[in-house]
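# Fold and contact review
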Amino acid sequence: MEASVILPILKKKLAFLSGGKDRRSGLILTIPLCLEQTNMDELSVTLDYLLSIPSEKCKARGFTVIVDGRKSQWNVVKTVVLMLQVILVSANKLTRYIEPCQLTEDFGGSLTYDHMDWLNKRLVFEKFTKESTSLLDELALINNGSDKGNQQEKERSVDLNFLPSVDPETVLQTGHELLSELQQRRFNGSDGGVSWSPMDDELLAQPQVMKLLDSLREQYTRYQEVCRQRSKRTQLEEIQQKVMQVVNWLEGPGSEQLRAQWGIGDSIRASQALQQKHEEIESQHSEWFAVYVELNQQIAALLNAGDEEDLVELKSLQQQLSDVCYRQASQLEFRQNLLQAALEFHGVAQDLSQQLDGLLGMLCVDVAPADGASIQQTLKLLEEKLKSVDVGLQGLREKGQGLLDQISNQASWAYGKDVTIENKENVDHIQGVMEDMQLRKQRCEDMVDVRRLKMLQMVQLFKCEEDAAQAVEWLSELLDALLKTHIRLGDDAQETKVLLEKHRKFVDVAQSTYDYGRQLLQATVVLCQSLRCTSRSSGDTLPRLNRVWKQFTIASEERVHRLEMAIAFHSNAEKILQDCPEEPEAINDEEQFDEIEAVGKSLLDRLTVPVVYPDGTEQYFGSPSDMASTAEHIRDRMKLVSLKRQQLRHPEIMATESS
């Protein structure tokens, strides 16, 4: 009978074993009667349960039954006494048979008893006993069955029916806690003093719990080893299965996917599409590689366990798995690198093509630069673009050669497949792109050479036009200087001769300037014919040059005439004004005086006459004040000559006047 079955009856405390003993070591059974009518059947059940607890040895020493009828009716007490066939003793005489320390407080003793605590502990004990006994049977069945299985079928997998119905750890923990309670002899929950428990050695509670715990530990240890062996076998079988799944997929569908991908594309977009497809393939492989990592860790853990019988098989699985995965990973990496190199090659080719298109477009447009600086800027831009094309072509060759080298290594992972045809298409494409770019670059270089020559000629043309215009400006400045600064006619013949010589040199400079301008304009005509264009300035520069030169020539000739007249005037005047007694006949020649006077008047008249150009415009030498000063000097000289003439005609008069 179990306490859990009659728990409601036991909770009524119709009878109990307090743990106390009489003087002959017999157990004390207490029956506390109450005011309510006691159910004899329930009392009988309670007594049967309580009397089943002690051992046979304890039962042989007998029991002392205390029927407490102080709170009950006499007829109830009488019925119980007759049923038990006990001797009636008054409460004050209990100490004759029982020590006070063995009596509960209800009977004036010091023994502490908590019925609910005892009942709870009893439930725990019976539950542990029941569970542990059942668990021992199950574990024995599992362990014995495993031993037979090891002999008959070593590779048999774990059957879920062989698992225990309760958790061994929980049962063991419950047993240890119960044993701890028993060993502390505080089964009834007393916190003070020493109390005797009905679950002591005499009631076989502690030895029974210890025996059950020892058996449980033994069987549980065997069970754990069985589980470990079964788990290891199951894990090994699962690993073998997963390894074969990984290997079969990588060597089957995975390899087929890579075999189908051999092209590199013929453009950036095509290469990007192939890269995207390759990323999808890599994504599928990544899932299997994750399984490989997990399996490798599991195999490493089993290898560290050190089971000799499985080491060879595990190492073989690990080596097979690693070889296949590393080979496939290498192939994926090779393919990815190849596609990346192809993408870079097509990217460089596209950039170079755009550069060549831009350069060609620039060369196909006819240039009409405004000046030499813009031409120089255009030439610099052409050179920079051509240099950029050279760099781009060199980069394309390097990328192409690297790609060709990678393609040549593709046969090493082709699984025996002949990839010569596929590789030939890729190689032909790469070489074709590089050759096409080389031809386009050569055509652009030829066009650049032509454009460079043309633009250099244009620079020459602009330079000639600018220099010719400058020559006109210089000649105009010389003309202006001639008219404004070349005014003086000299104070004597010697000075005038010097001025005439300087003027001739001045004319030589103007002549050189004019000739230089003519040569430049002739060069512009030749360059325009070569460039098949019209000069911007040669149409008006030549007439301007000729017009200025004509004006300069007229002014220069006028200047020469005036200087020559001045030389003649000063030379004759100086001869007359010099005192030459040895040649009196020369001085007395009236014709000389008349000639000097005529030359002087002609010179004065010429000073007042402007220079008239072919277009009818007039221009004077110097300012009016400059002309007045020059004329005044000539008049003074003419006065001296006139005075000399009078002296020669009437020497006496001149002598009287002088006296």
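Residues numbered from 1 in each chain as written. Predicted model: local features only at pLDDT ≥ 70, side-chain atom pairs only at ≥ 80, totals over all residues. Heavy atoms only, no water.

This part is about the state of the cysteines. Counted according to the given criterion, the structure contains zero disulfides. The closest cysteine sulfur to the non-disulfide-bonded cysteine 464 is located on cysteine 528, 9.6 Å from its own sulfur. (Disulfide = S-S within 2.5 Å.)

What follows is about the pattern of salt bridges. This structure, assessed with the given rule, holds 27 salt bridges. For glutamate 99, the salt bridge identified is with arginine 23, shortest N-O distance 2.3 Å. Placement of the pair is glutamate 99 in the loop between helix H4 (74–84) and helix H5 (115–152) and arginine 23 in the loop between strand E1 (16–21) and strand E2 (27–32), with a sequence separation of 76 residues. For glutamate 473, the salt bridge goes to arginine 544, with nearest N and O atoms at 3.3 Å. Residue glutamate 473 is found in helix H11 (residues 420–485), and its partner arginine 544 is found in helix H13 (residues 538–577); the two are separated by 71 residues along the sequence. Under the relative-accessibility criterion, arginine 544 is labelled partly exposed at 24%. Salt bridges sharing common partners tie together Asp594, Glu597, Lys601 and Arg645. (Salt bridge = Lys/Arg side-chain N within 4 Å of Asp/Glu carboxyl O. Helix = DSSP H or I, 4+ residues; strand = E, 2+ residues; numbered from the N terminus. Buried < 20%, exposed > 50% of the residue type's maximum accessible area, 1.4 Å probe, protein only.)

The subject of this paragraph is the nonpolar core. Counting residues in each nonpolar core, the largest one holds 58 residues, and the members touching the most others are Leu359, Leu396, Leu403, Ile430, Met437, Leu475 and Phe552. Those elements giving two or more residues to this core turn out to be helix H9 (308–364), helix H10 (372–408), H11, helix H12 (493–531) and H13. Those residues in contact with leucine 475 that lie beyond four places of it in its chain are Ala510, Thr513, Tyr514, Leu545, Val548 and Trp549. Ranked by size, the runner-up nonpolar core spans 23 residues in total, among them Ala3, Leu10, Ile31 and Leu119. (Core = buried A, V, L, I, M, F, W, Y, C linked by side-chain atoms within 4.5 Å. Contact = heavy atoms within 4.5 Å.)

Moving on, we get to the pairing of E1. A large share of E1 lies buried, amounting to six of its six residues. By the bridge criterion, three bridges tie E1 to E2 in an arrangement that is antiparallel. Bridging from a neighbouring strand, lysine 21 pairs with leucine 27 of E2. The loop that links E1 with its antiparallel partner E2 comprises five residues; one of these, serine 25, has a positive phi angle of about 70°. (Pairing = 2+ DSSP bridges.)

A word on the confidence of the model for the chain. In the predicted model, the chain carries a mean pLDDT of 81, and the fraction of residues at 70 or more is 85%. Ranking the elements of the chain by mean pLDDT puts helix H14 (residues 584–587) last, at 49, and H12 first, at 89. Below a pLDDT of 50 lies the segment residues 151–161, which in the model reaches twelve contacts outside its immediate sequence neighbourhood of four places, other chains included. Here residues 580–584 is modelled with pLDDT under 50, and outside its nearest four sequence neighbours on either side it reaches one contact, counting other chains as well. (pLDDT = per-residue confidence, 0-100.)

Bringing the packing of aromatic side chains into the picture now. Enumeration over the complete set of coordinates arrives at seven aromatic pairs. For the pair tyrosine 514 and tryptophan 549, a centre-to-centre distance of 4.8 Å together with 10° between the ring planes defines the contact as stacked. Note that tyrosine 514 is positioned in helix H12 and tryptophan 549 in helix H13, a separation of 35 residues in sequence. A relative accessible area of 14% means that tryptophan 549 is categorised as buried. Between tryptophan 549 and phenylalanine 552 the ring centres are 5.7 Å apart and the planes differ by 15°, which places this aromatic pair in the stacked class. Residue tryptophan 549 and its partner phenylalanine 552 are located together in helix H13, separated by three residues, close to a single helical turn. (Phe/Tyr/Trp six-rings, centres within 6.5 Å; stacked < 30°, edge-to-face > 60°.)

What follows concerns the side chain of histidine 115. Its location among the elements puts histidine 115 in helix H5. A distance of 2.8 Å separates the side chain of histidine 115 from the side chain of tyrosine 113, its partner in a polar contact. Discounting chain neighbours no more than four positions away, the residues touching histidine 115 are Leu10, Lys11, Lys13, Ala15 and Phe16. (Polar contact = N/O pair within 3.5 Å; in protein donor to acceptor, adjacent residues only side chain to side chain.)

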